[in-house]
Amino acid sequence: QVQLVESGGGLVQPGGSLRLSCAASRGIFTINAMGWYRQAPGRERELVARINSGDSTNYAASVKGRFTISRDNAKNTVYLQMNSLKPEDTAVYYCNAEAYSSTLPVTNVWGHGTQVTVSS
């Protein structure tokens, strides 16, 4: 029942910025951690940034200092502010959420992905 709707991807020049948003329609589910992953052609999907229910965060070394993840629990929305973008940041970015209910165990939910292209 949990669905993730992503927005904010697009084409940007090197050094530019983008802000990704992911809104979760959770229904009766409770959401724990949320995160952003990315997958470039020929590469495996990798963690970009993650934020837990206590707002503790972690980042991939390649984006630390440039990207910032945040969340609005009231809106069940997670954001990824991406600054100083590099061509190597080009990938499909996926939103992820851990969700559960009183009757169902934790399940891992994925968004459909949004393309981020960094090119001059």
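That block above? That's the structure.
To keep things clear, this report deals only with the structure shown in the data block.

Cut-off values and rules
- Residues numbered from 1 in each chain as written.
- Predicted model: local features only at pLDDT ≥ 70, side-chain atom pairs only at ≥ 80, totals over all residues.
- Heavy atoms only, no water.
- Helix = DSSP H or I, 4+ residues; strand = E, 2+ residues; numbered from the N terminus.
- Rg over C-alpha atoms; globule rule 2.2 N^0.38 Å.
- Buried < 20%, exposed > 50% of the residue type's maximum accessible area, 1.4 Å probe, protein only.
- Pairing = 2+ DSSP bridges.
- Salt bridge = Lys/Arg side-chain N within 4 Å of Asp/Glu carboxyl O.
- Core = buried A, V, L, I, M, F, W, Y, C linked by side-chain atoms within 4.5 Å.
- Phe/Tyr/Trp six-rings, centres within 6.5 Å; stacked < 30°, edge-to-face > 60°.
- Lys NZ or Arg CZ within 6 Å of the ring centre and 35° of its normal.

Helix and strand content of the protein chain: zero helices and eleven strands. When the helices and strands of the protein chain are read in sequence order from the N terminus, they spell out β-β-β-β-β-β-β-β-β-β-β. In terms of overall dimensions, the protein chain is globule-like: its C-alpha atoms have a radius of gyration of 14 Å, near the 14 Å expected for 120 residues. By principal-axis analysis of the C-alpha atoms, the protein chain measures approximately 50 × 25 × 20 Å.

This brings us to the pairing of strand β4 (residues 30-39). Burial analysis of β4 places seven of its ten residues in the buried class, which makes it a mostly covered element. Relative to strand β9 (residues 91-100), β4 runs antiparallel, the two being bridged by eight bridges. Its bridge partner being in β9, M34 is matched across the sheet by A97. In this structure, β4 lies alongside strand β5 (residues 46-51), joined through five bridges in antiparallel fashion. In the sheet register, W36 faces β5, and the bridge partner there is A49. With antiparallel pairing between neighbouring strands as the criterion, β4 and β5 make up a hairpin whose turn holds six residues, including G42 at a positive phi of roughly 80°.

This paragraph deals with the pattern of salt bridges. If you walk through the whole model with that rule in mind, you get four salt bridges. For R66, the salt bridge identified is with D89, shortest N-O distance 2.8 Å. Remark: D89 occurs in the loop between β8 (77-82) and β9 and R66 occurs in the loop between β6 (57-59) and β7 (67-72); sequence separation between them is 23 residues. On the basis of relative accessible area, D89 is assigned to the buried category, the value being 1%.

Turning our attention to the nonpolar core. Core analysis: the largest hydrophobic core is formed by 31 residues, its most contacted members being W36, L80, M82 and Y93. Contributions of two or more residues to this core are made by β3 (18-25), β4, β5, β7, β8, β9 and β11 (114-118). Broken down by element, the residue count for this core peaks at five residues, all from β9.

Per the stated rule, a full pass over the model turns up one aromatic pair. Taking 4.9 Å as the distance between ring centres and 65° as the angle between the ring planes, the aromatic pair formed by Y37 and W110 counts as edge-to-face. One end of the pair, Y37, is in strand β4; the other, W110, is in strand β10 (residues 107-110), with 73 residues separating them in the sequence. Sitting over the face of the ring of W110, R45 holds its NZ or CZ atom 4.7 Å from the ring centroid.

Another aspect to go through is the pairing of β9. Where a strand is regular, its side chains alternate between the two sheet faces. Within β9, seven of the ten residues are buried, leaving the element largely enclosed by the surrounding structure. When β9 meets β11, the two strands line up antiparallel, connected through three bridges. Paired with V92 across the strands is Q115, a residue of β11. Across four bridges, the pairing between β9 and β10 is antiparallel. Bridged to A97 within β10 is V109. The hairpin turn running from β9 into β10, its antiparallel successor, is six residues long.

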